Every structure is written in C-alpha cells, then in structure tokens.
Amino acid sequence: MNSLQAAGHLKHLMHLLPPSTESNALAEAAPDPSVLRLPNDADAPAALSAHLQQHGLQAGDLARIELAFPKFTDGRAYSQAVALRRRAGFNGTLRATGQVLVDQLLQMQRCGFSEAQLAAGQDLGLGQRLLGGFPGFYQGDAQQPLTHFRRVGQSVGQHVSQRIGQRVGQLGRAVSLHAKPSRDFDALVASAQATLLAAARSGVAVTQASSLGAEDVVIRHLIESLQLPIPSFVLDTGMLHQETLDLLDLTQARAKTQGFSPVAVVHPNAQAVRDFVATSGPEPMRQSVALRKACCQIRKVEPLQRALQGFGAWITGLRREQADSRAAIATVEPADPSAAADSVAARTKYNPLADWRWGDVWHYIRLHQVHYNALHDDFFPSIGCAPCTRAISLGEDLRAGRWWWENEAGLKECGLHVQATTEASPS
Ligand code: SF4
C-alpha cells in the first residue's frame, strides 16, 4: 500500500461518456429543469440557487449540472465546479462538456467533476487509461480539501506531515508553466535585495505584508537569505482558501525548525464581522460594490491598520505588471507626512519586486525551491479570499480572477494599496 492509499485518498474515477454526435453548444437554459446548463461566466452557486427556487426543486432533484469548456484555454468551468462543490455543497452529478481534452481529465476530477462528455474524435480508452494512471493527489481538491501531507500527518504523525509537506510546492506545474527569467534577472534580484537592505537600515521598524502568494514567498525567501530583522504578517480574513491555510501551517512549521520568527496572523474584529454578516448575509460581496468594499474594510483594511501599528514602513509584493492600476508604482513610496499617524499612508511602502515580471517570480521559486501556494498550480495567479478569487484563462489579466463580476475600471483593489491621489485603500 502506498502513502496515498494509506491516507485514504484513492479517488472514485470520473465517468467518461463517449464522444457525442450532438452539439455541445451551451444553451441558456435546458428545457428539462432537472438538467442545469450554466453559462461560462455565471456565479455557479447563485445560479443553482436561483434555478432551484424558480422550479421549486431541491438540489437532489437535479439529474446533473453541466459546465462547458468553450475552448481549451478557458478554465472558468474549473472554478465553477469548485464553487459548486465547496460553496454550494452540491454533491450531485457535475458534467464537463465542450472542449474536454483527455489530458484535462485529472484536473477536472480534482475540481469536482463526476463525468465528462468527450468531444467527437476523442479516444475513450485513452481517457480511461489516463484517469486510472494516478491513484491520488498531493494537493487537496474540491471534495477533499486537506493536502496530502495533512492527511498523512493526521494518520501517521506530524513529523511525516512536515517531511512530505516540504515537497508539496515542488510538485506542481506552475513552475514549469511560468518560470522564464528576464534577461536582466540577476540585476532584478540585486535590486530587490538592495531595496530590502535599505528598508532594514532605514531607521524605522519595518514589516512584510504577506498574502502567501508567489511574490510574497519570494520576498520572504529574500529576507531570510539576507538574514534581515524583518517580520511578516498575514491577514487571515476568515475567508481564505484551505490551500492558503495549509501553506501558512507549513511556513510556521519551517520557521520553528529553522529558527525564524513565526508569521504574525492578524484577524478581523470578530464582533464587527458578526454584525456585518448579521445585517448583510454571509456573502454580501456580490450584492454591490459598496458591500464588497465594506467587507474588505472589515476583513482587510482595518486589520491592516492594526498590523502596521508600531511599524514605520512595510513591504509588499506589488508589481507593475500585475494590473493597469499598478503600472506606475514606485519601488519606494514615501510616507505621506500629512496623513493621520495611524493611517497606512503615514508609512513608507517598499515594493522590491516592482520591476519583476511573472516569469522572474517563478524562475526565482524554481531556483531556490521555494514553497508556494498549491492554488498557483490550478491557474490562480492572484490569491485572496475564496469567494472573491477564481482561476483565470490563458491571456486574461493576472488580476482578472479577483472580483471578476465587477466591471467598473479601477475597482479591482480591496483597499490595501491606496494611491496617494485616491481615497481607496487595500487588496
Ligand atoms: S476579498 Fe471578498 S471576502 Fe475578502 S474581504 Fe474582500 S469582499 Fe470580503
């Protein structure tokens, strides 16, 4: 019995339907209400809820939900499947349709699909062999959120959990997909190191704000390599993905064994969250931009202000390439002397990776074998709260997976990173 079997994570394989001669074209609504076909841009849990209400059905009455892959570079159905399994708790049949390539089947299964309709000309036997070739996965998935090292840790001891966990970040595909250094990569690293050294020697206390995303684990690695006295903090909004919490656990375990300071974990004010949820519901962010910003204010902005108390400067993983709204950020953003003393703007902000490109970040991760968030392997370049983050397709903006239902230009920031000329703040 291998360790995956020992961890009880053998999968029930997806059911494959042979190539259909019928069109897989997506209809807005199927004539049979027991079959729900969702458009690719739908908020799947909300659409499911509306459909059930409209037809007076329970989730168990549905024969299936169909999610389409209109082209093979469009991965939004992955996010919809995960949302239906995790957020909506849907445990019925989820069928993948459209551009269902056989080399995507394992990923579909991990995202919660229970069956797939192959496209014309595809080899049913090959698909079944590919599906059966792997007994399980190291990362969690839509139905089993714990990562493999956590499952093993529960069954055979924490030391095994940590040993296996240290390999998790090296097994994914984000590195092979993205790692591509710029010609001046060495100069970019030297510049980032110089920025961090300048921050450490600036004469004020400095801290790193980390979302545990790819940029932030690189910065943490640079800080530790230079042995700089710069602590890190994470805002645990209460809405983080399990994968992010897993990486936080792993980071804390590493800090303990290697003698680094643990990451400070800052939570929102519990009473403020309770009051907000009581008046606005558990997921108000989709009702309006104002409510989304109110949620960010309570879960991110106010905790950030608290996390920065006692520090005169902070370090972020912002890069110019991430979004148009970040195209003009400076490596060092001076404190605003006119800002209120307890405000974020009253602190100097260092952005040591401002000039780095996405390929540089992943090249650094590959070079130094840095542990990273498993969500990056699932096409999440930008990682935030679970209800507000989705995977993106090839060609989409790196921030396209954040608050994607909001179309207004310039709104895709949660307020953590205020421009001097605006009132808004973090992300
Ligand atoms: S990102 Fe979403 S869940 Fe997180 S604080 Fe903002 S609105 Fe709330």
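Residues numbered from 1 in each chain as written. Predicted model: local features only at pLDDT ≥ 70, side-chain atom pairs only at ≥ 80, totals over all residues.

Asks: Looking at this model, I keep getting lost on the overall build of the protein. Mind explaining?
Replies: Secondary structure assignment for the protein yields 14 helices and 11 strands. Considering the protein as a whole, with its 427 residues, one finds that 40% of them fall into the buried category. For the protein, long-range pairs separated by at least 24 residues make up 70% of all intrachain contacts whose partners lie at least 6 apart in sequence. (Helix = DSSP H or I, 4+ residues; strand = E, 2+ residues; numbered from the N terminus. Buried ≥ 20, exposed ≤ 12 C-beta atoms within 10 Å, placed from the backbone. Contact = placed C-beta atoms within 7 Å.)

Asks: For this particular structure, what's the right way to read the nonpolar core?
Replies: Counting 47 residues, the largest nonpolar core has Ala199, Ala214, Val218, Ile315, Val361 and Ile365 as the members making the most contacts within it. A total of six residues in this core trace back to one element, the largest contributor, which is helix H10 (residues 214-225). Excluding anything up to four places from it in sequence, Ile365 contacts Val175, Ala214, Val218, Val370 and Tyr372. Membership of the second largest hydrophobic core comes to 35 residues, among which are Leu36, Ala44, Val100 and Phe380. (Core = buried A, V, L, I, M, F, W, Y, C linked by C-beta atoms within 7 Å.)

Asks: Which parts of the structure should I look at to understand the pairing of strand E3 (residues 64-69)?
Replies: Regular strands have side chains that alternate between both faces of the sheet. The buried fraction of E3 amounts to five of the six residues, a majority that puts the element mostly inside the structure. Across four bridges, the pairing between strand E2 (residues 35-38) and E3 is parallel. Across the sheet, Val35 pairs through a bridge with Arg64, a residue of E3. A crossover links E2 with its parallel partner E3, the connecting element being helix H2 (residues 44-55), and its sense is right-handed. In this sheet, strand E4 (residues 94-98) lies alongside E3 in parallel orientation, the contact comprising five bridges. (Pairing = 2+ DSSP bridges. Right-handed = clockwise from strand over helix to strand, strands pointing away.)

Asks: Looking at this model, I keep getting lost on the sheet that holds strand E6 (residues 206-210). Mind explaining?
Replies: Strand pairing within a sheet occurs via backbone hydrogen bonds; the two strands may be parallel or antiparallel. On the basis of which strands lie adjacent, the open sheet formed by six strands has the order E8-E7-E6-E9-E11-E10 and mixed pairing. The two strands at the open ends of the sheet, each matched to only one other strand, are strand E8 (264-266) and strand E10 (332-333). Note: strand E7 (residues 232-235) against E8, three bridges, orientation parallel. Directly across from Leu235, in E8, lies its bridge partner Val266. Packing of helix H13 (residues 289-307) onto the sheet brings it into contact with E7 and E8, and relative to E7 it is tilted by some 160°. (Axes fitted to C-alpha atoms, helices over the stretch in contact; angles between N-to-C directions.)

Asks: I tried to follow helix H14 (residues 358-368) on my own but got confused; where do I start?
Replies: Residues three or four positions apart in an α-helix share a direction because the helix packs 3.6 residues into each turn. What H14 keeps buried is the set Asp360, Val361, Trp362, His363, Tyr364 and Ile365. Buried residues along H14 sit against helix H8 (174-178), helix H9 (185-200) and H10.

Asks: Could you clarify how one ought to interpret H13 in this entry?
Replies: End to end, H13 covers 25 Å across 19 residues, agreeing with the expected 27 Å (1.5 Å per residue, within 8%). Taken as a whole, H13 carries its principal kink of about 45° at Gln297. Every buried residue of H13 is accounted for by Arg292, Cys295, Cys296, Arg299, Lys300, Val301, Pro303 and Leu304. Elements in contact with the buried residues of H13: E7, E8 and helix H12 (270-280). (Expected span 1.5 Å × (residues − 1). Bend = angle between axes of the 7 residues up to and from the residue.)

Asks: Before we go on, may I ask you to explain the packing of H12 against H13 in this structure?
Replies: Running from N to C, H12 and H13 point in directions that differ by 165°, and their axes come no closer than 10 Å. Relative to H13, the element H12 is oriented roughly antiparallel. Both H12 and H13 take part in a crossing whose hand is left-handed. Of the residues in H13, those touching H12 at Ala272, Val273, Phe276 and Ser280 are Leu291, Ala294, Cys295, Ile298 and Arg299. Looking at the contact of H12 with H13, its residues break down into seven nonpolar, one polar and one charged. (Parallel < 35°, antiparallel > 145°, perpendicular 65-115°, else oblique. Left-handed = near helix turned anticlockwise from the far one by under 90°. Nonpolar A, V, L, I, M, F, W, Y, C, P; charged D, E, K, R; others polar.)

Asks: Looking at this model, I keep getting lost on the confidence of the model for the protein. Mind explaining?
Replies: One rule of thumb: low pLDDT means the predicted coordinates there are not for detailed reading. Looking at the protein as a whole, its pLDDT mean stands at 81, while 78% of the residues score no less than 70. Confidence drops under pLDDT 50 across residues 23-29; counting only partners more than four residues distant or on other chains, this segment forms 11 contacts. (pLDDT = per-residue confidence, 0-100.)

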